[in-house]
Amino acid sequence: MRENDVFEKLSQLIFSGEIETGSSLVERNLADRLGVSRIPMRETLSSLVALGTLEGGRKGESVRLRRYTVDELRQLFDYRAVIEGGSVRSAASHASETDLMRLKIICDGMEAVLDEDDFEKWSSLDVKFHGALAEASRNDRFERTLKSLLRECFYVFYILSRRRSRRELTKEEFALHKRQALNDHRTIIELLKTKQVDEAEACMRLHILRSADRVIRASIETDLESNSGDARTSKSS
């Protein structure tokens, strides 16, 4: 198996939600699980550490799935806003009619499940929309970078933030989030159609930073609740 294939398989496993945040990733176990030799697995783990997706890996230190601080979450989404904003800017100049039709069909699918309380179906369509946008940029570097970056951001947004949050979104809050996201998506398509480069980039950046605000808020609320619990425990002892 080629190193790129190992990278792809391992990335999918990491961001599937099967591995707990902070868990050590054992090279031998991962190689056996994915049916590859240990050398490409070792190289792939090192690459993911270098990208910042994983942490650790220094001499005598295990490689772990990252525990995100609030600052790291902000950095992740700020970085995505720059990269995906640039990708959408490129798409506004190069997207074909087929690209635009693909994006519209995905949005129609999102519209169809708008009133359903199905988190997995919605998130799957959301991932497809942003992947199709990256393809529409007609820039291989944008597409390669965003493939990994989007996977990490959607893991943080759809899986990690739900795990960390002390409460689930209510049905009404989830419906509001979906409606806002879909409106943003349709606006971006219209801006691509009319080749409004600056406006398309600005709309995408705002769209991403809205997602960042929700993730960061959940993280802060969880940290505050944890600190309050620790303080109560300390006081009672």
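Check the entry above for the structure.
Residues numbered from 1 in each chain as written. Predicted model: local features only at pLDDT ≥ 70, side-chain atom pairs only at ≥ 80, totals over all residues. Heavy atoms only, no water.

Engineer: When you look at the sheet that holds strand β1 (residues 24-25) in this model, what are you seeing that I'm missing?
Structural biologist: Two orientations exist for strands paired in a sheet by backbone hydrogen bonds: parallel and antiparallel. Sheet architecture is open: three strands sit in the order β1-β3-β2, paired in antiparallel fashion. Both outer strands of the open sheet, β1 and β2 (54-56), are each paired with one neighbouring strand and no more. The sheet contact formed by β2 and strand β3 (residues 63-65) spans three bridges and is antiparallel. Considered in β3, the bridge of Gly 56 is made with Val 63. (Pairing = 2+ DSSP bridges. Helix = DSSP H or I, 4+ residues; strand = E, 2+ residues; numbered from the N terminus.)

Engineer: I'm lost on the nonpolar core in this one. Help?
Structural biologist: Within soluble globular proteins, side chains that are nonpolar generally end up buried alongside one another. Leu 10, Ile 14, Met 41, Trp 122, Val 156 and Leu 192 are the most contacted members of the largest nonpolar core, which totals 66 residues. Excluding anything up to four places from it in sequence, Val 156 contacts Tyr 68, Leu 73, Leu 76, Phe 77, Ser 161 and Val 215. (Core = buried A, V, L, I, M, F, W, Y, C linked by side-chain atoms within 4.5 Å. Buried < 20%, exposed > 50% of the residue type's maximum accessible area, 1.4 Å probe, protein only. Contact = heavy atoms within 4.5 Å.)

Engineer: Hey, could you run me through the packing of helix α5 (residues 97-112) against helix α6 (residues 119-136) in this one?
Structural biologist: When two helices pack together, you describe them by how their axes are tilted relative to each other and by the distance separating the axes. Contact geometry for α5 and α6: axes closest at 10 Å, N-to-C directions at 170°. Taken together, the axes of α5 and α6 are roughly antiparallel relative to one another. For the pair α5 and α6, the contacting residues are Asp 99, Arg 102, Leu 103, Ile 106, Cys 107, Gly 109 and Met 110 in the first and Trp 122, Leu 125, Asp 126, Lys 128, Phe 129, Ala 132, Leu 133, Glu 135 and Ala 136 in the second. Residues that form the contact of α5 with α6 fall into these classes: ten nonpolar, one polar and five charged. (Axes fitted to C-alpha atoms, helices over the stretch in contact; angles between N-to-C directions. Parallel < 35°, antiparallel > 145°, perpendicular 65-115°, else oblique. Nonpolar A, V, L, I, M, F, W, Y, C, P; charged D, E, K, R; others polar.)

Engineer: Where do I start with the layout of surface pockets in this structure?
Structural biologist: When its volume is computed, the largest pocket comes out at roughly 690 Å³. Surrounding the largest pocket, 24 residues form its lining, Phe 7, Leu 51, Thr 145, Ser 148 and Leu 149 being those nearest its centre. For the lining of the largest pocket, the secondary structure elements donating two or more residues are α1 (3-14), α3 (38-51), α4 (70-94) and α7 (140-164). For the lining of the largest pocket, the leading source of residues is α7, giving seven residues. Here the residues of the lining of the largest pocket sort into six nonpolar, nine polar and nine charged. (1 Å grid on protein atoms, 1.4 Å probe; cavity = no way out; pocket = protein on both sides within 12 Å on 5 of 7 lines; lining within 4 Å. Points joined across faces, edges and corners; volume = space filled by probe spheres on them.)

Engineer: Sorry, what's going on with empty space enclosed by the protein here?
Structural biologist: One way to see where empty space is left: roll a probe the size of a water molecule over the atoms. Following the criterion strictly, the structure yields two cavities of 30 Å³ or more and no others. What the largest cavity holds in volume is close to 80 Å³. Every residue lining the largest cavity is counted, 13 residues in all, and those nearest its centre are Arg 80, Asp 126, Phe 154, His 207 and Ser 211. Broken down by element, the lining of the largest cavity gets its largest block of residues, four residues, from α7. Grouping the constituent residues of the lining of the largest cavity by class yields seven nonpolar, four polar and two charged.

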